[in-house]
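# Topology and contacts: notes
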Amino acid sequence: QPACLTDSLTNSRIESLGAVATSMRHLIAIASVVAVVQGLAGRVPLAQKPTLFSRGSYFAQRAREDAARAVRRALFGDQLSQLQVGGPRAIPDGGRVVVTGSTSGVGLDVAREVAALGYDVVVCGRDEKKLERAVALVGRVARRGVESARFDLESLTETRAAAAAIGRADGLVLCAGCWPTTLRYTEDELEAGLQANHLGHFLLATRLLDAGGVARVVSVASTAHAATRQDRLELDDARWTRRAFDPLEAYAQTKLANVLFARELPRRYAVEAVSAHPGAVDSELFRDFDVALPPDPFGLLPPTVDASIETLSTTAQSFLKGVVGSAPVSVFKKPRDAARDVVVGLVAPGLAGAYLSDGEPTETSPGAADDAAAAELWDWSRSTVDEALALIDEERSRGDWDI
């Protein structure tokens, strides 16, 4: 063999082995951290433990899966790169895909990946200047048309109007989201996080589905869906009027709603639905936090542990550095990597009804697999949205909103 070819093959093998070694060291680090967290979680008083399943065990299992997938990705690439070129897709070629929250972060990269695959894309956001920038960025890689739709999911009237303006779609990626740290209500008198993450998307999706043509809906969820205290929704106090507001619990509740929504959707419409955990992503999700990260985001640490950002961050980074013998390991995925995993949920065949992590099917918490809870959420969402719209329409007809 020519020397240059031999050198190239040798270098390639060395790089692959290096990637495996790095991934394995990260796996050891993750497993060690999980073991420490599980040990801490094991000391939580029984009265404070979840009633339906062990969150610690669930997250430990997901961490092991994540580590194994990291090794496979280092060797073979991500799931999107493994899709057969010219093979079957869940969304027909040349279809029109609507992506919410697509002016930044994961949503923007989802729109770019979808556009690069040859679909028409509708970029959705609430800020006009960000929309213009996003359309330009998506347009650079687009093979077909790029449109924009400006609306705020925290306004049901704006969302309703946007659905009517968008009209027909072949695919829908519900990517927008927020994580409020304080109790805040929208103009519809609904808790802001629940409306932005679930109810607004419920309205948009059902209106677009009523127009016909949608082949698959992707509900961008999170492994945080398993972090609710009781592994169930608290629909009887969705406005947080009878209990102190807990931003971590509130966010986990909205993510559980995302998974249950995708579970119930095919029972109400002739459409495929997928829920997808994009991973921990360095994005604007944490924009409401005064510090870089929320403490103990999955609620695994007992209350006796000092869960301040400084203590958790310093301890975790020092521990990881000592284990892997290198620079501290980032727990965050890049938005583009997360977006590619979400796009797998949109286009890959054979995934209807799946819950994905890193673009691969995995298990949800028991509460997210509860058909009765999914049906209850759907009926509650429908009545809540309809009542809120009826009230605001009545108020505006009386001129209560005139300035």
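Whatever comes next refers back to the structure up there.
What this report covers is the structure whose coordinates are included nearby.

What counts and what doesn't
Residues numbered from 1 in each chain as written. Predicted model: local features only at pLDDT ≥ 70, side-chain atom pairs only at ≥ 80, totals over all residues. Heavy atoms only, no water. Helix = DSSP H or I, 4+ residues; strand = E, 2+ residues; numbered from the N terminus. Buried < 20%, exposed > 50% of the residue type's maximum accessible area, 1.4 Å probe, protein only. Pairing = 2+ DSSP bridges. Core = buried A, V, L, I, M, F, W, Y, C linked by side-chain atoms within 4.5 Å. Phe/Tyr/Trp six-rings, centres within 6.5 Å; stacked < 30°, edge-to-face > 60°. Lys NZ or Arg CZ within 6 Å of the ring centre and 35° of its normal. Right-handed = clockwise from strand over helix to strand, strands pointing away. Expected span 1.5 Å × (residues − 1). Arc of directions from axis to C-beta. Contact = heavy atoms within 4.5 Å. Axes fitted to C-alpha atoms, helices over the stretch in contact; angles between N-to-C directions. Parallel < 35°, antiparallel > 145°, perpendicular 65-115°, else oblique. Nonpolar A, V, L, I, M, F, W, Y, C, P; charged D, E, K, R; others polar.

### A few points about the overall build of the chain
The secondary structure content of the chain amounts to 10 helices and 8 strands. The buried share of the chain, taken over its 403 residues, is 47%.

### Quick notes on the sheet that holds strand β2 (residues 120-125)
Strand order in the open sheet formed by 8 strands is β3-β2-β1-β4-β5-β6-β7-β8, with mixed pairing between adjacent strands. The open sheet has two free edges, formed respectively by β3 (146-150) and β8 (360-361), since each of these has just one partner strand.

### Comments concerning the nonpolar core
Formed by 53 residues in total, the largest nonpolar core has its most connected members in V98, I166, L172 and L265. Only α2 (55-76), β2, α5 (156-166), β4 (171-174), α6 (192-211), α7 (247-268) and α10 (371-397) provide two or more residues apiece to this core. If you look at the next biggest cluster of nonpolar residues, it comprises 35 residues, including V97, A134, V343 and L351.

### Details of the packing of aromatic side chains
Taken as a whole, this structure holds 7 aromatic pairs when the rule is applied. An angle of 80 degrees between the planes, with centres 5.6 Å apart, marks the rings of Y58 and F59 as edge-to-face. Classification of Y58 by relative accessible area gives buried; the value is 6%. Look at F59 and you get buried, because its relative accessible area is 9%. Aromatic ring contacts, followed pair by pair, group F202, F261, Y269 and W378 into a single cluster. Above the ring of Y58, the side-chain terminus of R62 is found at 4.7 Å from the ring centroid. The ring of W240 carries the charged tip of R243 above its face, separated from the ring centre by 3.6 Å.

### Points about the pairing of β4
Burial along β4 is two-sided: G171 and V173 and L172 and L174, pointing in opposite directions, are all buried. Direction of pairing for strand β1 (residues 96-99) relative to β4: parallel, over a ladder of 3 bridges. Opposite V99, over in β4, you have V173 as the bridge partner. Two strands pair when backbone bridges link them, and β4 and strand β5 (residues 216-220) are joined in this way by 4 bridges, in the parallel orientation. When the bridges of β5 are listed, L172 appears paired with V217. In this view, the connection linking β4 to its parallel neighbour β5 by way of α6 has right-handed handedness.

### Overview of the environment of F59
Residue placement: F59 occurs in helix α2. Between the C-alpha atom of F59 and that of S365, which follows or precedes it by 306 residues, the distance is 9.8 Å.

### Here we look at helix α4 (residues 128-139)
Look at α4: 16 Å from first C-alpha to last across 12 residues, which is about the 16 Å you get at 1.5 Å a residue. Turning to α4, its buried residues are L131, A134, L137 and V138. Mapping the buried residues of α4 onto a view down its axis gives an arc of 130 degrees, with all of them on the same face. Exposed and oriented more than 90 degrees from the buried face of α4 are K129, E132 and R133. Turning to α4, the residues buried within the fold contact α3 (105-116), β2 and β3.

### Focus: the side chain of T254
As for its placement among the helices and strands, T254 is situated in helix α7. Judged by relative accessible area, T254 falls into the buried class, the value being 2%. When sequence neighbours within four positions are dropped, the list of residues in contact with T254 reads G193, L194 and N197.

### Digging into the environment of L260
Residue position: L260 is located in helix α7. C-alpha of L260 to C-alpha of E376: the two residues are 116 residues apart in sequence and 9.6 Å apart in space. With sequence-adjacent residues up to four places away left out, L260 is seen in contact with L233, G367, A368, D370, A373, A374 and L377.

### A closer look at the packing of α6 against α10
Their axes nearest at 10 Å, the elements α6 and α10 cross at an angle of 90 degrees. In terms of axis orientation, α6 runs roughly perpendicular to α10. Of the residues in α10, those in contact with L194, H198, L199, F202, L203, T206 and R207 of α6 are L377, W378, W380, S381, R382, T384, V385 and L389. Of the residues that constitute the contact of α6 with α10, the class distribution is 9 nonpolar, 4 polar and 2 charged.

Shape descriptors only; they carry no functional weight alone.
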